[in-house]
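Listed below, chain by chain, are the residues.
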Amino acid sequence: MRYLLCFCILFVPILVMSAEPTTPAAHPIAIVIHGGAGTIGRKDMTPEMDAQYRAALKQALEAGYAVLKSGGRSLDAVQAAIRVMEDDPLFNAGKGSVFDHDGKNEMDAAIMDGVTLKAGAVAGVQHIKNPIDLARLVMDKTPHVLLIGAGAEEFARSQGMSMMPASYFYTQRRWDELQKALKEEKTGGPSASAEQYPGTTARGYGTVGAVALDRRGELAAGTSTGGLTNKYYGRVGDSPIIGAGTYANDTTCGVSGTGTGEYFIRLDAAKTISDLMLYKGMPLAEAADQVIMHDLVQLGGMDTGGAIAMDKDGDIAMPFNTEGMYRAYIDTAGHEVVKIYRDE
Ligand code: ASP
(Lines give C-alpha, C1' and ligand atoms only; values in the text may rest on other atoms or scores of the structure.)
Protein backbone atom coordinates (compact mmCIF):
# COMPACT_ATOMS: atom_id res chain seq x y z
CA MET A 1 0.00 0.00 0.00
CA ARG A 2 2.85 2.33 0.95
CA TYR A 3 4.53 1.60 -2.41
CA LEU A 4 1.33 2.35 -4.25
CA LEU A 5 1.01 5.68 -2.45
CA CYS A 6 4.61 6.61 -3.34
CA PHE A 7 4.00 5.65 -6.96
CA CYS A 8 0.91 7.84 -7.10
CA ILE A 9 2.63 10.86 -5.51
CA LEU A 10 5.66 10.58 -7.81
CA PHE A 11 4.26 9.56 -11.16
CA VAL A 12 0.61 10.54 -11.43
CA PRO A 13 1.38 14.28 -11.74
CA ILE A 14 3.95 13.51 -14.46
CA LEU A 15 1.46 11.35 -16.35
CA VAL A 16 -1.24 14.01 -16.03
CA MET A 17 1.12 16.75 -17.23
CA SER A 18 2.28 14.83 -20.27
CA ALA A 19 -1.31 13.96 -21.17
CA GLU A 20 -2.25 17.66 -21.39
CA PRO A 21 -2.93 18.74 -24.98
CA THR A 22 -0.13 20.86 -26.39
CA THR A 23 -1.48 24.33 -27.15
CA PRO A 24 -0.26 25.75 -30.46
CA ALA A 25 2.39 28.44 -30.13
CA ALA A 26 0.57 31.75 -29.87
CA HIS A 27 2.12 33.76 -32.67
CA PRO A 28 0.88 37.37 -32.85
CA ILE A 29 -2.06 37.75 -35.23
CA ALA A 30 -2.85 40.55 -37.70
CA ILE A 31 -5.00 41.28 -40.72
CA VAL A 32 -5.00 43.91 -43.45
CA ILE A 33 -7.65 44.45 -46.12
CA HIS A 34 -8.31 46.73 -49.08
CA GLY A 35 -11.44 47.71 -50.95
CA GLY A 36 -9.76 49.10 -54.06
CA ALA A 37 -7.54 52.01 -55.05
CA GLY A 38 -8.35 54.91 -57.35
CA THR A 39 -9.45 58.51 -57.67
CA ILE A 40 -10.95 58.61 -54.23
CA GLY A 41 -10.61 62.16 -52.94
CA ARG A 42 -12.52 63.89 -50.16
CA LYS A 43 -14.28 66.01 -52.82
CA ASP A 44 -15.66 62.86 -54.51
CA MET A 45 -17.28 61.54 -51.34
CA THR A 46 -20.33 62.64 -49.42
CA PRO A 47 -20.13 62.26 -45.62
CA GLU A 48 -22.71 59.44 -45.94
CA MET A 49 -20.61 57.51 -48.48
CA ASP A 50 -17.50 58.05 -46.42
CA ALA A 51 -19.26 56.60 -43.36
CA GLN A 52 -20.71 53.69 -45.34
CA TYR A 53 -17.31 52.66 -46.71
CA ARG A 54 -15.65 52.91 -43.31
CA ALA A 55 -18.38 50.80 -41.70
CA ALA A 56 -18.14 48.19 -44.47
CA LEU A 57 -14.36 47.96 -44.17
CA LYS A 58 -14.64 47.62 -40.39
CA GLN A 59 -17.19 44.83 -40.72
CA ALA A 60 -15.02 42.87 -43.16
CA LEU A 61 -11.89 43.44 -41.10
CA GLU A 62 -13.54 42.26 -37.91
CA ALA A 63 -15.01 39.17 -39.62
CA GLY A 64 -11.49 38.14 -40.62
CA TYR A 65 -10.00 39.04 -37.24
CA ALA A 66 -12.60 36.97 -35.38
CA VAL A 67 -11.35 33.88 -37.23
CA LEU A 68 -7.75 34.63 -36.24
CA LYS A 69 -8.68 35.36 -32.63
CA SER A 70 -10.40 32.04 -32.21
CA GLY A 71 -7.28 30.26 -33.43
CA GLY A 72 -8.48 29.81 -37.03
CA ARG A 73 -6.27 29.67 -40.09
CA SER A 74 -5.16 32.74 -42.03
CA LEU A 75 -6.74 31.24 -45.17
CA ASP A 76 -10.13 31.16 -43.44
CA ALA A 77 -9.68 34.70 -42.14
CA VAL A 78 -8.87 35.99 -45.63
CA GLN A 79 -11.90 34.21 -47.02
CA ALA A 80 -14.19 35.53 -44.25
CA ALA A 81 -13.12 39.16 -44.76
CA ILE A 82 -13.39 38.98 -48.55
CA ARG A 83 -16.78 37.28 -48.40
CA VAL A 84 -18.21 40.23 -46.45
CA MET A 85 -16.99 42.66 -49.12
CA GLU A 86 -18.20 40.45 -51.98
CA ASP A 87 -21.67 40.53 -50.45
CA ASP A 88 -21.59 44.32 -50.07
CA PRO A 89 -22.68 46.16 -53.24
CA LEU A 90 -20.29 49.02 -52.39
CA PHE A 91 -17.36 46.99 -53.65
CA ASN A 92 -16.41 45.81 -57.11
CA ALA A 93 -16.49 42.11 -56.23
CA GLY A 94 -19.36 39.64 -56.05
CA LYS A 95 -22.60 41.68 -55.82
CA GLY A 96 -21.83 45.15 -57.19
CA SER A 97 -19.20 44.00 -59.67
CA VAL A 98 -18.56 46.27 -62.64
CA PHE A 99 -19.90 45.46 -66.12
CA ASP A 100 -17.88 44.45 -69.15
CA HIS A 101 -18.36 45.95 -72.64
CA ASP A 102 -21.29 43.60 -73.30
CA GLY A 103 -23.07 44.50 -70.06
CA LYS A 104 -22.09 41.32 -68.23
CA ASN A 105 -20.41 40.72 -64.88
CA GLU A 106 -17.30 38.57 -65.14
CA MET A 107 -15.55 38.02 -61.85
CA ASP A 108 -12.03 36.92 -60.91
CA ALA A 109 -10.65 35.76 -57.54
CA ALA A 110 -7.63 34.04 -56.02
CA ILE A 111 -6.37 32.76 -52.68
CA MET A 112 -2.90 31.58 -51.69
CA ASP A 113 -1.46 29.72 -48.72
CA GLY A 114 1.91 31.05 -47.59
CA VAL A 115 2.96 27.76 -45.91
CA THR A 116 2.55 25.35 -48.80
CA LEU A 117 2.49 27.85 -51.70
CA LYS A 118 -0.72 26.17 -52.76
CA ALA A 119 -3.10 28.48 -54.57
CA GLY A 120 -6.54 28.47 -56.15
CA ALA A 121 -8.11 30.94 -58.56
CA VAL A 122 -11.09 31.48 -60.85
CA ALA A 123 -11.59 33.88 -63.73
CA GLY A 124 -14.54 35.07 -65.77
CA VAL A 125 -17.23 33.53 -63.57
CA GLN A 126 -20.72 35.01 -63.96
CA HIS A 127 -22.96 33.22 -61.46
CA ILE A 128 -20.86 32.63 -58.36
CA LYS A 129 -22.02 34.56 -55.28
CA ASN A 130 -18.63 34.36 -53.57
CA PRO A 131 -15.85 33.79 -56.09
CA ILE A 132 -13.29 33.65 -53.24
CA ASP A 133 -15.00 30.49 -51.93
CA LEU A 134 -14.72 28.89 -55.35
CA ALA A 135 -11.03 29.85 -55.55
CA ARG A 136 -10.51 28.10 -52.21
CA LEU A 137 -12.26 24.97 -53.51
CA VAL A 138 -10.02 24.98 -56.59
CA MET A 139 -7.04 25.04 -54.23
CA ASP A 140 -8.35 22.39 -51.85
CA LYS A 141 -10.17 20.02 -54.17
CA THR A 142 -8.33 20.04 -57.49
CA PRO A 143 -4.74 19.57 -58.63
CA HIS A 144 -5.07 22.87 -60.56
CA VAL A 145 -4.48 26.51 -59.75
CA LEU A 146 -6.78 28.42 -62.11
CA LEU A 147 -10.15 27.51 -63.59
CA ILE A 148 -12.00 29.83 -65.98
CA GLY A 149 -15.53 30.55 -67.19
CA ALA A 150 -17.83 27.60 -67.89
CA GLY A 151 -15.35 25.03 -66.51
CA ALA A 152 -15.05 26.94 -63.24
CA GLU A 153 -18.84 27.13 -62.93
CA GLU A 154 -19.27 23.44 -63.74
CA PHE A 155 -16.76 22.65 -61.01
CA ALA A 156 -18.72 24.93 -58.63
CA ARG A 157 -21.91 22.99 -59.36
CA SER A 158 -20.12 19.68 -58.78
CA GLN A 159 -19.15 21.00 -55.34
CA GLY A 160 -22.76 21.80 -54.51
CA MET A 161 -22.48 25.58 -54.92
CA SER A 162 -25.72 27.27 -55.89
CA MET A 163 -25.67 29.47 -58.98
CA MET A 164 -26.91 33.05 -58.82
CA PRO A 165 -28.86 34.70 -61.65
CA ALA A 166 -27.05 37.57 -63.41
CA SER A 167 -29.57 39.97 -61.85
CA TYR A 168 -28.12 39.28 -58.39
CA PHE A 169 -24.89 41.09 -59.28
CA TYR A 170 -26.60 44.12 -60.88
CA THR A 171 -26.32 47.56 -59.30
CA GLN A 172 -27.53 50.78 -60.89
CA ARG A 173 -24.31 52.58 -59.98
CA ARG A 174 -22.10 50.12 -61.89
CA TRP A 175 -24.51 50.08 -64.82
CA ASP A 176 -24.35 53.88 -65.02
CA GLU A 177 -20.56 53.69 -64.93
CA LEU A 178 -20.63 51.40 -67.95
CA GLN A 179 -22.98 53.72 -69.86
CA LYS A 180 -20.64 56.61 -69.13
CA ALA A 181 -17.60 54.65 -70.31
CA LEU A 182 -19.39 53.54 -73.50
CA LYS A 183 -20.30 57.14 -74.25
CA GLU A 184 -16.75 58.33 -73.66
CA GLU A 185 -15.46 55.55 -75.86
CA LYS A 186 -17.51 56.96 -78.73
CA THR A 187 -16.67 60.58 -78.07
CA GLY A 188 -13.02 60.07 -77.14
CA GLY A 189 -13.61 61.17 -73.54
CA PRO A 190 -11.31 60.59 -70.56
CA SER A 191 -11.66 56.82 -70.33
CA ALA A 192 -11.04 56.24 -74.05
CA SER A 193 -7.47 55.38 -74.94
CA ALA A 194 -5.85 53.83 -78.00
CA GLU A 195 -3.67 51.64 -75.77
CA GLN A 196 -6.73 50.07 -74.22
CA TYR A 197 -8.57 49.39 -77.49
CA PRO A 198 -10.96 47.63 -77.91
CA GLY A 199 -13.22 48.47 -75.03
CA THR A 200 -12.03 51.33 -72.91
CA THR A 201 -11.22 50.35 -69.39
CA ALA A 202 -12.46 52.86 -66.89
CA ARG A 203 -11.56 51.53 -63.50
CA GLY A 204 -14.56 50.65 -61.39
CA TYR A 205 -12.92 51.09 -58.05
CA GLY A 206 -13.64 48.59 -55.35
CA THR A 207 -11.63 45.41 -55.93
CA VAL A 208 -11.19 43.72 -52.56
CA GLY A 209 -8.33 41.85 -50.93
CA ALA A 210 -6.99 40.59 -47.62
CA VAL A 211 -3.76 39.33 -46.07
CA ALA A 212 -3.75 37.61 -42.68
CA LEU A 213 -1.28 36.14 -40.20
CA ASP A 214 -2.55 33.48 -37.80
CA ARG A 215 -1.52 32.06 -34.42
CA ARG A 216 0.64 29.46 -36.15
CA GLY A 217 2.58 32.30 -37.81
CA GLU A 218 1.15 31.37 -41.21
CA LEU A 219 0.35 33.94 -43.90
CA ALA A 220 -2.39 33.85 -46.54
CA ALA A 221 -3.55 36.33 -49.18
CA GLY A 222 -6.64 36.67 -51.37
CA THR A 223 -8.20 39.03 -53.90
CA SER A 224 -11.62 39.26 -55.56
CA THR A 225 -12.84 41.59 -58.31
CA GLY A 226 -15.28 42.34 -61.08
CA GLY A 227 -12.29 43.71 -63.01
CA LEU A 228 -12.49 46.86 -65.10
CA THR A 229 -15.63 48.63 -66.33
CA ASN A 230 -16.13 48.15 -70.09
CA LYS A 231 -13.43 45.48 -70.28
CA TYR A 232 -13.39 43.21 -73.31
CA TYR A 233 -15.40 39.99 -72.93
CA GLY A 234 -12.94 37.37 -71.64
CA ARG A 235 -10.41 39.85 -70.30
CA VAL A 236 -8.67 38.56 -67.19
CA GLY A 237 -6.96 40.94 -64.79
CA ASP A 238 -4.16 40.51 -62.29
CA SER A 239 -6.28 39.46 -59.30
CA PRO A 240 -6.52 35.72 -60.17
CA ILE A 241 -2.99 35.59 -61.58
CA ILE A 242 -0.76 34.19 -58.84
CA GLY A 243 2.27 36.44 -58.52
CA ALA A 244 0.61 39.39 -60.24
CA GLY A 245 -2.30 40.52 -58.04
CA THR A 246 -2.14 37.86 -55.33
CA TYR A 247 0.78 36.14 -53.62
CA ALA A 248 1.73 34.65 -50.23
CA ASN A 249 4.92 33.07 -48.98
CA ASP A 250 5.63 32.53 -45.29
CA THR A 251 9.32 33.26 -45.71
CA THR A 252 8.56 36.76 -47.01
CA CYS A 253 5.06 38.23 -47.15
CA GLY A 254 1.47 38.10 -48.38
CA VAL A 255 0.27 40.62 -50.99
CA SER A 256 -3.02 41.65 -52.60
CA GLY A 257 -2.98 44.31 -55.31
CA THR A 258 -5.54 46.64 -56.83
CA GLY A 259 -5.29 48.83 -59.88
CA THR A 260 -4.95 48.51 -63.63
CA GLY A 261 -4.30 44.79 -63.77
CA GLU A 262 -2.41 44.81 -67.04
CA TYR A 263 0.51 46.62 -65.36
CA PHE A 264 0.47 44.31 -62.34
CA ILE A 265 0.61 41.29 -64.65
CA ARG A 266 3.46 42.70 -66.72
CA LEU A 267 5.48 43.42 -63.58
CA ASP A 268 4.51 40.27 -61.73
CA ALA A 269 3.94 42.87 -59.03
CA ALA A 270 2.95 40.81 -55.98
CA LYS A 271 5.72 38.25 -56.36
CA THR A 272 8.26 40.94 -57.13
CA ILE A 273 7.56 42.46 -53.71
CA SER A 274 8.22 39.01 -52.19
CA ASP A 275 11.33 38.49 -54.34
CA LEU A 276 12.83 41.82 -53.32
CA MET A 277 12.56 40.67 -49.71
CA LEU A 278 13.84 37.17 -50.43
CA TYR A 279 16.73 37.88 -52.74
CA LYS A 280 17.65 41.44 -51.84
CA GLY A 281 16.85 41.34 -48.14
CA MET A 282 14.66 44.43 -48.43
CA PRO A 283 12.26 45.17 -45.56
CA LEU A 284 8.57 44.87 -46.46
CA ALA A 285 7.83 48.60 -46.70
CA GLU A 286 10.78 49.24 -49.00
CA ALA A 287 9.96 46.29 -51.28
CA ALA A 288 6.30 47.29 -51.57
CA ASP A 289 7.21 50.93 -52.25
CA GLN A 290 9.71 49.91 -54.92
CA VAL A 291 7.06 48.05 -56.91
CA ILE A 292 4.01 50.27 -56.34
CA MET A 293 5.53 53.74 -56.11
CA HIS A 294 8.42 53.23 -58.54
CA ASP A 295 8.15 50.29 -60.98
CA LEU A 296 4.40 50.60 -61.50
CA VAL A 297 4.59 54.38 -61.94
CA GLN A 298 7.47 54.02 -64.38
CA LEU A 299 5.54 51.51 -66.49
CA GLY A 300 2.04 52.96 -66.37
CA GLY A 301 2.27 56.34 -64.69
CA MET A 302 0.53 57.61 -61.59
CA ASP A 303 -2.94 56.30 -60.76
CA THR A 304 -2.07 52.71 -61.67
CA GLY A 305 -2.85 51.24 -58.27
CA GLY A 306 -1.84 50.08 -54.83
CA ALA A 307 -1.34 47.02 -52.68
CA ILE A 308 -1.61 45.74 -49.15
CA ALA A 309 1.19 43.55 -47.84
CA MET A 310 2.14 41.90 -44.56
CA ASP A 311 5.31 40.08 -43.58
CA LYS A 312 5.75 37.09 -41.27
CA ASP A 313 6.24 39.41 -38.26
CA GLY A 314 2.93 41.12 -38.92
CA ASP A 315 4.46 44.35 -40.27
CA ILE A 316 2.06 46.02 -42.68
CA ALA A 317 2.57 48.12 -45.82
CA MET A 318 -0.20 49.79 -47.84
CA PRO A 319 1.40 51.87 -50.64
CA PHE A 320 -0.70 53.35 -53.48
CA ASN A 321 0.06 55.78 -56.29
CA THR A 322 -3.60 56.79 -56.65
CA GLU A 323 -5.51 59.50 -54.82
CA GLY A 324 -6.91 57.08 -52.29
CA MET A 325 -7.28 53.43 -51.33
CA TYR A 326 -9.96 51.90 -49.12
CA ARG A 327 -7.86 50.11 -46.54
CA ALA A 328 -7.95 48.86 -42.96
CA TYR A 329 -5.95 46.71 -40.60
CA ILE A 330 -5.71 45.29 -37.11
CA ASP A 331 -2.03 45.00 -36.23
CA THR A 332 -0.24 42.60 -33.88
CA ALA A 333 -0.86 45.01 -30.97
CA GLY A 334 -4.60 44.83 -31.66
CA HIS A 335 -4.85 48.41 -33.00
CA GLU A 336 -7.66 48.85 -35.49
CA VAL A 337 -7.22 51.41 -38.27
CA VAL A 338 -9.53 52.30 -41.18
CA LYS A 339 -8.43 54.78 -43.88
CA ILE A 340 -9.55 56.02 -47.28
CA TYR A 341 -7.62 59.12 -48.38
CA ARG A 342 -3.93 59.78 -48.92
CA ASP A 343 -3.75 62.50 -46.24
CA GLU A 344 -4.82 60.33 -43.30
N1 ASP B 1 -6.89 44.92 -60.54
C2 ASP B 1 -8.24 44.78 -61.00
C3 ASP B 1 -8.21 44.29 -62.43
O4 ASP B 1 -7.43 44.79 -63.21
C5 ASP B 1 -9.06 46.02 -60.92
C6 ASP B 1 -8.87 46.89 -59.71
O7 ASP B 1 -8.15 46.51 -58.79
O8 ASP B 1 -9.45 48.00 -59.65
O9 ASP B 1 -8.99 43.45 -62.78
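Draft legend 1. Main features of the packing of helix H4 (residues 131-141) against helix H5 (residues 149-158). It is the contact of H4 with H5, at a shortest axis distance of 11 Å, that shows an interaxial angle of 80°. On the basis of their axis angle, the class for H4 and H5 is roughly perpendicular. For the pair formed by H4 and H5, the contact residues are Leu134, Leu137, Val138 and Lys141 on the first element and Ala152, Phe155 and Ala156 on the second. Class assignment for the residues of the contact of H4 with H5 results in six nonpolar, no polar and one charged.

Draft legend 2. Focus on the site of the ligand. In the neighbourhood of the ligand, 11 residues make up the surrounding shell, with Thr207, Arg235, Asp238, Thr258 and Gly259 lying closest. Between an oxygen atom of the ligand and a side-chain N or O atom of Arg235, the distance comes to 2.8 Å. At 2.7 Å from a nitrogen atom of the ligand is found a main-chain nitrogen or oxygen belonging to Gly259. Residue composition of the shell around the ligand, grouped by class: one nonpolar, seven polar and three charged.

Draft legend 3. Structural detail: the side chain of Thr171. As for its position among the elements, Thr171 is in the loop between H5 and helix H6 (172-187). Dropping the residues within four chain positions of it, Thr171 is found in contact with Pro89, Gly96 and Phe99.

Draft legend 4. Representation of the nonpolar core within the structure. Ranked by internal contacts, the top residues of the largest apolar core, which has 53 residues, are Ile31, Ile33, Phe91 and Leu134. Beyond its immediate stretch of four places on either side in the chain, Ile33 contacts Leu57, Ala60, Leu61, Ala81, Met85, Gly209, Ala210, Ile308, Tyr326, Arg327 and Ala328.

Draft legend 5. Broad picture of the environment of Thr223. Its place among the elements puts Thr223 in strand E6 (residues 219-225). On the basis of relative accessible area, Thr223 is assigned to the buried category, the value being 0%. Along the sequence, Thr223 and Pro131 sit 92 residues apart, while their C-alpha atoms lie 9.5 Å from each other. A polar contact is formed between the side chain of Thr223 and the backbone oxygen of Gly245, at a distance of 3.4 Å. Among the polar contacts listed, one links the side chain of Thr223 to the side chain of Thr246, at a separation of 2.8 Å.

Draft legend 6. Fine view of the sheet that holds strand E5 (residues 208-213). Spatially, E4-E3-E2-E6-E5-E1-E11-E12 is the arrangement adopted by the eight strands of the open sheet, whose pairing is mixed. Two strands close off the open sheet at either side, each with one partner strand: strand E4 (146-148) and strand E12 (336-341). Each neighbouring strand pair of the sheet contributes to a mean axis angle of 5°, computed without reference to strand direction. Where strand E11 (residues 324-330) lies against E12, five bridges are found, and the strand directions are antiparallel. Along E12, the bridge assignment pairs Tyr329 with Val337. Across the face of the sheet, helix H2 (residues 47-69) comes into contact with strand E1 (30-38), E5, E11 and E12 while running at roughly 145° to E12.

Draft legend 7. Structural view of the pairing of strand E2 (residues 107-113). E2 sits mainly inside the fold: seven of its seven residues count as buried. On E2, burial covers both faces: Met107, Ala109, Ile111 and Asp113 on one face and Asp108, Ala110 and Met112 on the other are all buried. As defined by bridge partners, E2 adjoins strand E3 (residues 119-125) across five bridges and the pair is classed as antiparallel. Residue Ala110 lies in a different strand from E3, and its bridge partner there is Ala121. The turn joining E2 and E3, which pair antiparallel and follow one another in sequence, is formed by five residues; a positive phi near 60° is taken by Leu117. Taken together, the six bridges between E2 and E6 define a ladder with antiparallel strand orientation. Opposite Asp113, over in E6, you have Ala220 as the bridge partner.

Conventions we followed
- Sequence order sets the numbering: in each chain, residues are counted from 1 along the sequence as written.
- Local features in this predicted model are restricted to residues of pLDDT 70 or higher, and side-chain atom pairs are both shown and tallied only at a pLDDT of 80 or more, whereas totals for entire chains, interfaces and linings draw on every residue.
- Values shown for side chains rest on all heavy atoms present in the structure; no hydrogens or waters enter the calculation.
- Each axis is a line fitted through C-alpha atoms, taken for helices only over the stretch in contact, and angles between the N-to-C directions span 0 to 180 degrees.
- A helix here means a DSSP run of H or I that spans at least four residues, while a strand means a run of E at least two residues long, and both kinds are numbered starting from the N terminus.
- Each angle gets one of four labels, with under 35 degrees taken as roughly parallel, over 145 as roughly antiparallel, 65 to 115 as roughly perpendicular, and the rest as oblique.
- Whether two residues are in contact is decided by their heavy atoms: any pair within 4.5 Å suffices.
- The residue classification treats Ala, Val, Leu, Ile, Met, Phe, Trp, Tyr, Cys and Pro as nonpolar and Asp, Glu, Lys and Arg as charged. All others, Gly included, are polar.
- We call a residue near a molecule or strand as soon as one heavy atom of that residue lies within 4 Å of the molecule or strand.
- A 3.5 Å cut-off defines polar contacts: any pair of N or O atoms within that distance qualifies, except that in protein one atom must be a possible hydrogen donor and the other a possible acceptor, and neighbouring residues in sequence count only when both atoms are side-chain atoms.
- Here, nonpolar core refers to any group of buried Ala, Val, Leu, Ile, Met, Phe, Trp, Tyr and Cys residues whose side-chain atoms link them within 4.5 Å.
- Only protein chains enter the accessibility calculation, which uses a 1.4 Å probe; a residue is then buried when its area is under 20% of its type maximum, exposed when over 50%, and partly exposed in between.
- Pairing between strands is defined by DSSP: at least two bridges between the two strands are required.

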